[in-house]
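Inside the fold
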Amino acid sequence: MARHTIASAAWHNDDHVSVLANLNSAMLQRNTKPFCTAIYGTLQPSPVGVVFTFASGGHPLPIVARSDGTATTVGASGTMIGVFDHIDTTVTTTVLNPGDTVVLYTDGVTDVPRPHDLSTDQVIELVGVAARDSRSAEALADRLHDELSAILPIGERSDDIALLILRVSPPPEVETAEAG
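To start, this report covers the structure provided alongside it.

Criteria and cut-off values
- Residues numbered from 1 in each chain as written.
- Predicted model: local features only at pLDDT ≥ 70, side-chain atom pairs only at ≥ 80, totals over all residues.
- Heavy atoms only, no water.
- Core = buried A, V, L, I, M, F, W, Y, C linked by side-chain atoms within 4.5 Å.
- Buried < 20%, exposed > 50% of the residue type's maximum accessible area, 1.4 Å probe, protein only.
- Helix = DSSP H or I, 4+ residues; strand = E, 2+ residues; numbered from the N terminus.
- Contact = heavy atoms within 4.5 Å.
- Salt bridge = Lys/Arg side-chain N within 4 Å of Asp/Glu carboxyl O.
- Arc of directions from axis to C-beta.
- Phe/Tyr/Trp six-rings, centres within 6.5 Å; stacked < 30°, edge-to-face > 60°.
- Pairing = 2+ DSSP bridges.

Counting 16 residues, the largest nonpolar core has Ile 63, Val 103, Val 109, Val 123, Val 127, Leu 140 and Leu 144 as the members making the most contacts within it. At the level of elements, β3 (63-65), β6 (101-105), α3 (120-132) and α4 (137-151) are the ones that each hand at least two residues to this core. Sort the elements by how many residues they give to this core and α3 lands first, with six residues. Ignoring sequence-local partners within four residues, the contact set of Val 127 consists of Ile 63, Val 103, Leu 140 and Leu 144.

As structure tokens, this is what we get:
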């Protein structure tokens, strides 16, 4: 239901806050007990890289690993979807430069029993180190899978894990011919 509601609102060019508000309304009208968290984001090419704009409905915040090796979360969490009549969400925009990476993840990464649990700061550090050591989004996903499995094997976790990784590639190099 969430996927189709978000896709329909996005198709009609609704803004980020409205997309999540529409999803909240749909879940409440359907009178389902389950709730969800969601991030609705868009990417727009720019002359310096990619503009990433998003709003979060209670979802773990994106981690941005910059090409200089720093990593941090961006944005504000907002209200989870399907629980309250009104939700609060904040639109965040950040520019991703070549070499920067965004990691979106589900709470299955952090929601594990002690002593295996991870704080948000530990996840940020894990992503930062893995992003510095990975040359591609696929390599980063493999590295994060291995790191998370080393903490607690994926098969022993009670919640699923999903990762969405975006790495901004540098522009292709333009060859110039030398005048002879």
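Now, onward.
Take the pattern of salt bridges next. Within the structure shown, the criterion is met by three salt bridges. Asp 100 is the partner of Arg 66 in a salt bridge, and the nearest nitrogen-oxygen pair spans 2.8 Å. Linking Arg 66 in the loop between β3 and β4 (71-73) with Asp 100 in the loop between β5 (91-96) and β6, this pair joins segments that are 34 residues apart in sequence. Residue class for Arg 66 comes out partly exposed when judged on its relative accessible area of 24%. A salt bridge links Glu 147 to Arg 143; the shortest N-O distance between them is 3.1 Å. Remark: Arg 143 and Glu 147 occur in helix α4; sequence separation between them is four residues, near one turn of the helix. Its relative accessible area of 25% is what places Arg 143 among the partly exposed residues.

Those residues of helix α1 (residues 2-11) lying buried are Thr 5, Ile 6 and Ala 9. Seen from one end, α1 has its buried residues packed into an arc of 95 degrees, which puts them on one side. Residues of α1 that are exposed and point more than 90 degrees away from the buried face comprise Arg 3, His 4 and Trp 11. Looking at the buried residues of α1, the elements they touch are α2 (16-30) and β1 (38-46). At the exit of α1 stands Asn 13, carrying a positive phi of roughly 60 degrees.

Among the structural elements, His 16 can be located in helix α2. In sequence terms His 16 and Thr 92 are 76 residues apart; their C-alpha atoms lie 9.5 Å from each other. Residues in contact with His 16, not counting those within four places in the same chain, are Tyr 40, Gly 41, Thr 42, Thr 53, Phe 54, Ala 55 and Val 91.

This brings us to the packing of aromatic side chains. Inspection of the entire model under this criterion finds one aromatic pair. Seen in terms of ring centroids, Phe 52 and Phe 54 are 5.0 Å apart; in terms of plane orientation they differ by 25 degrees. Their pairing is stacked. Of the two residues, Phe 52 and Phe 54, both sit in the buried class.

Before going further, it helps to spend a moment on the pairing of β1. As defined by bridge partners, β1 adjoins strand β2 (residues 49-57) across nine bridges and the pair is classed as antiparallel. Considered in β2, the bridge of Leu 43 is made with Phe 52. A loop of two residues connects β1 with β2, the two strands running antiparallel in sequence.

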